Amino acid sequence: MEPAKKVSVIIPVYNGEKFVGEAIESVLGQSIKPAEIIVVNDGSEDTTEIVLKKFKDKIRYVYKENGGTASARNCGLRTAQGELIGFLDADDIWLENKLERQLQLFHENPEYEIVLGLLKRIPISKTEEALKINHEDGEYAVSAGSSLIKRKVFDKVGTFDEEMGFCEDVDLFLRILDSEIKVFGHKDVVQFYRRHDQNITLDKNRSFHDLLRVFKKTVDRRRKAGKNLPDLAKMGAIMEFWQS
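Keep in mind that this is a model prediction, so the values were computed, not measured.

Visitor: How should I be thinking about unusual backbone geometry in this particular structure?
Guide: Keep in mind that most residues, glycine aside, have a negative phi and that most peptide bonds are trans. Of note, the phi angle at Asn15 is positive, near 50 degrees, even though the residue is not glycine. Within the secondary structure, Asn15 sits in the loop between strand 1 (4–13) and helix 1 (20–28). One non-glycine residue, Cys167, lies in the positive phi region at around 65 degrees. Positionally, Cys167 belongs in the loop between helix 6 (152–157) and helix 7 (168–177).

Given below as C-alpha cells:
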C-alpha cells in the first residue's frame, strides 16, 4: 500500500541493543508505511548505534546526550515533519495493521485528534508465539505507543515533561484529559508491551514517586480550574470520561 505521507514515527532508545531492531522492523512491516521513522539515540553506552547502522537507509537517526525518554521523544518531535505522530518504545512492537487501522479511524472520525488502541502485555520471550494468537484480550493504557496523535495536540497541551523519569505518558494524557481534545478509543490491539528484566518500570520506588508527582500536578491543575477528578486509578473511567 502507499506510504502514509503525513505520519512520523518516533522511537527513543537508550541501551536498547537487544530490542530496538525488532521495534524498527515492526514499523517497517506496517501494512501502510509511515513517511519517516525517527530513531533518537539517547546517549546509549552499548552497541545500539551499531545496530542502528543496519537501518541507516530506512530511518532518520538522531544522537543526543542522555536526558531520559521524555527528552528523547521531544527531540524526535522537533525533528518530525508529519502531521500525525506515532511513538514506539525501543523494546515494544506494533502489530502490522496498527497504522492502517488508526488512519482509517481518523478518516472516519475527522473531528478526533487522538486515536487510542489497546496494548497487550507479553513476556519478550513469547513475542513470536503472541503474534500468532487472537489479540482480543488487550487493555487500554495511557501509552503513547498505542496512540496516533495529531501534531497540533502538542501545541495545545505542550510536550512531554522532561523532569519526569517515568510516567511522562500518564502526565501527557492527563493534560489531554483536562483539555477539549477529543480522543477516540478503539478495541483493537495495536501494540505489544514486552516485559523483560530491563524494563525501567521495574524500579517501583522511582515509578511510584513520579506517578504521585503526576497526580499532584493533575489535582492542582483541576482544582484551579474548578473541575472534578475522574477515578485516576481506573483507565476505564478515564476512557468513559473522554467518550462522554
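Visitor: Can you help me understand the pairing of strand 6 (residues 114–123) in this one?
Guide: For a regular strand, the rule is simple: side chains alternate between the two faces of the sheet. Counting buried positions along strand 6 yields eight of 10 residues, so the element is predominantly enclosed. Note: strand 6 against strand 7 (residues 147–150), three bridges, orientation antiparallel. Across the sheet, Val115 pairs through a bridge with Leu148, a residue of strand 7. As paired elements, strand 6 and strand 8 (residues 183–195) share nine bridges and run parallel to each other. Bridge pairing in strand 8 places Ile122 opposite Arg194.

Visitor: Help me understand the environment of Lys216 in this model?
Guide: Of note, Lys216 is situated in helix 8 (residues 204–225). Polar side-chain contacts of Lys216 include one of 2.6 Å to the side chain of Asp220.

Visitor: Can you help me understand the pattern of salt bridges in this one?
Guide: Once their charged atoms are close, side chains differing in charge can pair, the charge on each being opposite to the other. Applying the stated criterion across every chain yields a total of 16 salt bridges. Note that Arg213 is salt-bridged to Glu163, the shortest N-O span being 3.5 Å. Taken together, the positions of Arg213 in helix 8 and Glu163 in the loop between helix 6 and helix 7 put the pair 50 residues apart, joining distant regions of the chain. On the basis of relative accessible area, Arg213 is assigned to the partly exposed category, the value being 28%. Here Asp210 ties to Arg213 by a salt bridge, and the two come within 3.5 Å at their closest N and O atoms. Within this pair, Asp210 and its partner Arg213 are both found in helix 8, separated by three residues, close to a single helical turn. When its relative accessible area of 1% is taken as the criterion, Asp210 is described as buried. Each member of the salt-bridge network shares a partner with another, and the members are Arg73, Asp89, Glu168 and Asp169.

Visitor: Got a minute to help me understand the packing of aromatic side chains in this structure?
Guide: Any two aromatic rings considered together are summarised by their centre-to-centre distance and by the angle between their planes. What the rule picks out here adds up to four aromatic pairs. Between the aromatic rings of Phe87 and Phe160, the centroid separation amounts to 5.3 Å while the plane-to-plane angle is 90 degrees, which identifies the pairing as edge-to-face. With Phe87 in strand 4 (residues 84–87) and Phe160 in the loop between helix 6 and helix 7, this residue pair connects regions lying 73 residues apart in the sequence. Classification of Phe87 by relative accessible area gives buried; the value is 1%. In this structure Phe160 comes out as buried when scored by relative accessible area, which is 3%. Seen from the ring of Trp94, Lys98 lies directly overhead, with NZ or CZ sitting 4.1 Å from the centre.

Criteria and thresholds
Residues numbered from 1 in each chain as written. Predicted model: local features only at pLDDT ≥ 70, side-chain atom pairs only at ≥ 80, totals over all residues. Heavy atoms only, no water. Helix = DSSP H or I, 4+ residues; strand = E, 2+ residues; numbered from the N terminus. Buried < 20%, exposed > 50% of the residue type's maximum accessible area, 1.4 Å probe, protein only. Pairing = 2+ DSSP bridges. Polar contact = N/O pair within 3.5 Å; in protein donor to acceptor, adjacent residues only side chain to side chain. Salt bridge = Lys/Arg side-chain N within 4 Å of Asp/Glu carboxyl O. Phe/Tyr/Trp six-rings, centres within 6.5 Å; stacked < 30°, edge-to-face > 60°. Lys NZ or Arg CZ within 6 Å of the ring centre and 35° of its normal.

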